[in-house]
Amino acid sequence: MSGKKLFIFAVILYLPAIGFCQNVDETEKVKQVIEAFQDDFNNGSFKNAADYTTSDWVHINPGGGIASGRDEVLKEVRSVHQTFLKNVTMKIEWIDIRFLAPSVALAEVVHSISPYELPKGTIHTGEKQTKTYVVIKSGDKWLLTLDQNTIKGSPQ
């Protein structure tokens, strides 16, 4: 095989690997956004939200309520984390990240949630929540623009 043909053959074999590496890298960056959200959830203060969310972030809570805009979302999530979700934590059990476009990712995540009480007298234990996250790329940074939360099953 001539040098030129060998070079072309090597490039053809190498190109899919380049695309795969870029996809793995982008997937990891999207996962880091979700982990940052989880860290803030577990802390309860959401003090780092400006680092990983868009200013027009939309949050849909398990009851179907919708908060729009980072300031409104933070007001809501901080309020519940100072009351019935105080000291409640979540942990990723399963995650699937898909790219709808080069700059739009959809993540489906199942989180296990530590026990909490809501309404009074109803203890949620062993609860799992399914969250859908829409994460967009702005410049070279991935940012959470929408999250929607659904409780799986009923409280025990």
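For the structure, check the block above.
Scope of this entry: the structure provided in the associated data block. Within any chain, residue numbers begin from 1 and follow the written order of that chain's sequence. With pLDDT at 70 or above as the cut-off, local features in this predicted model cover only qualifying residues; side-chain atom pairs require 80 or more to be listed or tallied, and sums for whole chains, interfaces and linings still use all residues. Heavy atoms from the whole structure form the basis of all side-chain values; hydrogens and water molecules are not counted.

### Here's the deal with the packing of aromatic side chains
Here is the rule we go by: The aromatic pairing rule takes the rings of Phe, Tyr and Trp, using the six-membered ring of Trp, and pairs them if the centres are within 6.5 Å, calling planes under 30 degrees apart stacked, those over 60 edge-to-face and the rest tilted. By the criteria applied, helices consist of DSSP H or I runs no shorter than four residues and strands consist of E runs no shorter than two, each listed in order from the N terminus. Using a 1.4 Å probe on the protein chains alone, a residue whose accessible area is under 20% of its type maximum counts as buried, one over 50% counts as exposed, and one in between counts as partly exposed.
Counting across every chain of the model gives 5 aromatic pairs. Measuring from ring centre to ring centre gives 5.7 Å for Phe 37 and Tyr 133, while their planes differ by 75 degrees; the resulting arrangement is edge-to-face. One end of the pair, Phe 37, is in helix H1 (residues 3-43); the other, Tyr 133, is in strand E7 (residues 127-138), with 96 residues separating them in the sequence. Residue Phe 37 shares its accessibility class with Tyr 133, and that shared class is buried. With a centroid separation of 5.7 Å and 65 degrees between ring planes, the pair formed by Phe 99 and Trp 142 is classed as edge-to-face.

### What to know about the layout of surface pockets
Using the following cut-off: Grid points spaced at 1 Å and placed over the protein atoms alone form the basis of the search, with a cavity being a set where a 1.4 Å probe fits but cannot get out and a pocket an open set showing protein on both sides within 12 Å along at least five of seven lines. Lining residues have an atom within 4 Å of a point. Grid points are joined across faces, edges and corners, and a volume is the space filled by probe spheres set on the points. The classification used treats Ala, Val, Leu, Ile, Met, Phe, Trp, Tyr, Cys and Pro as nonpolar, Asp, Glu, Lys and Arg as charged, and all other residues, Gly among them, as polar.
Considering only enclosed or pocket space, the largest pocket measures out at about 320 Å³ in volume. Within the residue set of the lining of the largest pocket, elements represented by two or more residues are H1, helix H3 (70-81), E7 and strand E8 (141-152). In terms of residue class, the lining of the largest pocket is made up of 12 nonpolar, 6 polar and 2 charged.

### Focus on the environment of Leu 143
Condition: Residues are treated as being in contact if the distance between any of their heavy atoms lies within 4.5 Å.
With respect to the secondary-structure elements, Leu 143 resides in strand E8. A C-alpha to C-alpha distance of 9.9 Å links Leu 143 and Gln 32, two positions 111 residues apart in sequence. Leu 143 has contacts with Val 33, Asp 51, Tyr 52, Thr 53, Thr 54, Val 134, Val 135, Ile 136 and Ser 138, leaving out every residue within four places of it along the chain.

### A few points about the pattern of salt bridges
Close approach of charged atoms allows side chains with opposite charge to pair. Short version of the rule: Note on definitions: salt bridges are taken to be side-chain nitrogens of Lys or Arg within 4 Å of carboxyl oxygens of Asp or Glu.
This structure, assessed with the given rule, holds 8 salt bridges. A salt bridge links Asp 25 to Lys 29; its shortest N-O distance comes to 3.3 Å. Remark: Lys 29 and Asp 25 occur in helix H1; sequence separation between them is 4 residues, near one turn of the helix. On the basis of relative accessibility, which here comes to 38%, the residue Asp 25 falls in the partly exposed class. Among the ionic contacts, a cluster of salt bridges with common partners joins Asp 25, Glu 26, Lys 29 and Lys 137.

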